[in-house]
Amino acid sequence: MSSIIGLFKRNYTAFFSPPKVLKSTSEQGSQIAPLKFGILGAAAIAPAALINPAQSHSDVVVYAIAARDPKRAEAFAEKYGIEKWYGNYQALLDDPEIDAVYNPLPNGLHYEWTMKALAAGKHVLLEKPSGDTAEETRRMFDLAENKGLILLEAFHYRFHPAIQRVKDIINSGELGKIKHISASLAIPKGIITGNDIRLDYNLGGGAMMDCGCYPLSCLRYLTSANPISVNDAKATVYRRNTLIDTGMAVNLTFPSASPSSSPPESQPEEPVTATLVADFATPWILGVLPRMPRIFVLAECEQGSVEMFNFVMPVIYHYIQIRPLQGKARTEKVYSFRTATHKGTSEDQNEKKGEEWWSTYRYQLEAFVDKVRGREPQTWVSREDSIANMEWIEKIYEKTNLGARPQSNFQLESSE
Ligand SMILES: *[C@@H]1O[C@H](CO)[C@@H](O)[C@H](O)[C@H]1NC(C)=O
């Protein structure tokens, strides 16, 4: 019962009522004004991904919103208490007050507007997948580096202590080397329908792009490697546009895993086999009941397995099940770094910031601000990581006959 109450309390605090903190303005006598964010597009994800987490961050103010429809921008600004609104994206980028831009535009517009934001001197928090192609991703990071700006692909799940705990379990060697690993993000049919941008090829749509980027990222994270090959990739295509996958099932090979504790060359090096499932149109049970979303990662190792349910939105609910071949199975739930202390190097983990009700996005925002402020973030998604994820998304699409998503033909003017 208490865990049910905990579930509601955690979610209510995370999504509806995060504690509002004073911003680090002169009212606190601080020298530095909080970072001012501008949002490109009145996106449905913006409240969960940024607006809500910003309320409990003393160094962040969501200051402006831009939408192509000025009325929509104004209504959005009013609803969320945002000071400024703009009827076009460039006007927001031209606002010198803005320090950082959140880009949740459709995938096919990530490149153009991230390049323009960087050219305007803004740090960018960029929704995943970072672009349509790895080349786009490479160019965005090149520009960010040239300009000395922070660019982060918003793989928010990485910043949460639960998935980091799974990685620690694997790296500890407690279960031996990984033999097979599978990850899935499948959501029921009906959430993404009709005119959804995720079904638009020209905007970089597709299940592998929107859902599949997560399990791919997670497989790469937990194996600490990139795949060696895509052995097979089967797309379920959208009947109204056969270049769009509404589902993807992939068979990959990763290099042999070697957790630090197992003696090197104890056994012949077997590659790790992996499966990935992405789906945003899982049929309902008998056509009437939505299935539970299948959001999990499962690592089967030499000495047992570890599975995490809901690695994407762990604050809502998750569990980590550890099933050693010898000994008792156990379940862990990790909502903050403090709750992970009984296993880890407690001193270090006590210092890590976070509360039980922090969502993945809240942890991510903390890291983003730390990075912008020149502090060491708790963890990070690197340039190489983002480029590699995009490369393997492309390779998976190429293995089907759909091909990679179309690369943007936007070119930044040389004067910028
Ligand atoms: C994945 O591909 C490998 C290599 O082609 C094959 O041996 C294996 O059976 C495949 N696994 C699945 C689950 O399809």
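Residues numbered from 1 in each chain as written. Predicted model: local features only at pLDDT ≥ 70, side-chain atom pairs only at ≥ 80, totals over all residues. Heavy atoms only, no water.

Within an unreviewed UniProt entry, the label attached to the protein chain reads D-xylose 1-dehydrogenase (NADP(+), D-xylono-1,5-lactone-forming), and the organism entered is Serpula lacrymans var. lacrymans. You can read under Sequence similarities (unreviewed entry) in the UniProt record for the protein chain the words "Belongs to the Gfo/Idh/MocA family." (UniProt positions renumbered as here; feature names shortened; annotations may be inferred.)

Asks: Residue-level account of the pairing of strand β10 (residues 272–282), with values.
Replies: Bridge count between strand β7 (residues 178–188) and β10: eight bridges; the pairing is parallel. Note on β10: the bridge partner recorded for Ile181 is Ala274. Note that strand β9 (residues 241–254) and β10 share eight bridges and pair antiparallel. Within β10, the position partnered with Leu252 by the bridge is Ala274. (Pairing = 2+ DSSP bridges. Helix = DSSP H or I, 4+ residues; strand = E, 2+ residues; numbered from the N terminus.)

Asks: So what's going on with the environment of Pro255? Which residues, and what values?
Replies: Structurally, Pro255 can be placed in the loop between β9 and β10. Along the sequence, Pro255 and Ser229 sit 26 residues apart, while their C-alpha atoms lie 9.4 Å from each other.

Asks: Give a description of the environment of Ala120 that names residues and reports values.
Replies: Examined against the element boundaries, Ala120 turns out to sit in the loop between α5 (107–119) and β5 (123–126). Sequence-wise, Ala120 and Ile98 are 22 residues apart; in three dimensions their C-alpha atoms are separated by 9.8 Å.

Asks: I'd like to hear about the sheet that holds strand β3 (residues 84–86), residue by residue, with values.
Replies: With parallel pairing, the six strands of this open sheet are ordered in space as β3-β2-β1-β4-β5-β6. What marks the edges here is a single partner per strand, and that holds for β3 and β6 (151–153). Strand after strand, the sheet turns through a mean of 20° between neighbouring axes, direction not considered. Sheet topology note: the strand β1 (residues 35–40)/strand β2 (residues 60–66) ladder contains six bridges and is parallel. Note on β2: the bridge partner recorded for Lys36 is Val61. (Axes fitted to C-alpha atoms, helices over the stretch in contact; angles between N-to-C directions.)

Asks: Hey, could you go over unusual backbone geometry for me, with residue numbers and the actual values?
Replies: A cis amide bond links Lys128 to the next residue, Pro129, at an omega of -15°. Tracing the chain through its elements places Pro129 in the loop between β5 and α6 (134–147). Phi angles above zero are rare outside glycine, and Ser224 is one such case at about 50°. The backbone phi angle of Asn310 is positive, close to 65°, even though this residue is not glycine. Among the structural elements, Asn310 can be located in the loop between β12 (304–309) and β13 (319–324). Residue classification places Asn310 among the buried positions, given a relative accessible area of 8%. (Buried < 20%, exposed > 50% of the residue type's maximum accessible area, 1.4 Å probe, protein only.)

Asks: Kindly report on the pattern of salt bridges, identifying the contributing residues and their values.
Replies: Within this structure, the stated rule accounts for 22 salt bridges. Of the charged contacts in the structure, one is a salt bridge between Asp245 and Arg405, with a shortest N-O distance of 4.0 Å. You can see Asp245 sitting in strand β9 and its partner Arg405 sitting in the segment after α11 (383–399), a full 160 residues away along the chain. Note on Arg405: relative accessible area 2%, which makes it buried. Lys353 is the salt-bridge partner of Asp370, the closest N and O atoms lying 3.0 Å from each other. Of this pair, Asp370 sits in helix α10 (residues 360–372) while Lys353 sits in the loop between α9 (346–351) and α10, and the two are 17 residues apart along the sequence. Its relative accessible area of 41% is what places Lys353 among the partly exposed residues. When salt bridges that share partners are traced, they join Lys353, Arg362, Glu366, Asp370 and Arg375 into one network. (Salt bridge = Lys/Arg side-chain N within 4 Å of Asp/Glu carboxyl O.)

Asks: Quick one: what's the story with empty space enclosed by the protein, residue by residue and with numbers?
Replies: On inspection of all chains with the given rule, the structure shows one cavity of 30 Å³ or more. For the largest cavity, the calculated volume is near 40 Å³. Around the largest cavity, the lining residues are Ala14, Pro18, Asn52, Pro53, Ser56, Trp357, Ser359 and Arg362. For the lining of the largest cavity, the per-class residue count stands at four nonpolar, three polar and one charged. (1 Å grid on protein atoms, 1.4 Å probe; cavity = no way out; pocket = protein on both sides within 12 Å on 5 of 7 lines; lining within 4 Å. Points joined across faces, edges and corners; volume = space filled by probe spheres on them. Nonpolar A, V, L, I, M, F, W, Y, C, P; charged D, E, K, R; others polar.)

Asks: Would you mind going over helix α7 (residues 161–172) in detail, with residue names and values included?
Replies: Counted at 1.5 Å a residue, the expected span for α7 with its 12 residues is 16 Å, and the 16 Å between its end C-alpha atoms agrees. Of all 12 residues making up α7, nine are buried, and the element is well covered by its neighbours. Turning to α7, its buried residues number three or more, namely Pro161, Ala162, Ile163, Gln164, Arg165, Val166, Lys167, Ile169 and Ile170. Gly173 sits one or two positions beyond α7 and adopts a positive phi of about 80°. (Expected span 1.5 Å × (residues − 1).)

Asks: Requested: an account of the packing of helix α8 (residues 207–223) against α11, with residues and values cited.
Replies: Two elements in contact, α8 and α11, have axes separated by 10 Å at closest approach and are oriented at 120°. By the angle between their axes, α8 is oblique relative to α11. Both α8 and α11 take part in a crossing whose hand is right-handed. Between α8, through Ala207, Met208, Met209, Cys213, Leu216, Ser217 and Arg220, and α11, the contact on the second element is made entirely by Asp385, Ala388, Asn389, Met390, Trp392, Ile393, Ile396 and Tyr397. (Parallel < 35°, antiparallel > 145°, perpendicular 65-115°, else oblique. Left-handed = near helix turned anticlockwise from the far one by under 90°. Contact = heavy atoms within 4.5 Å.)

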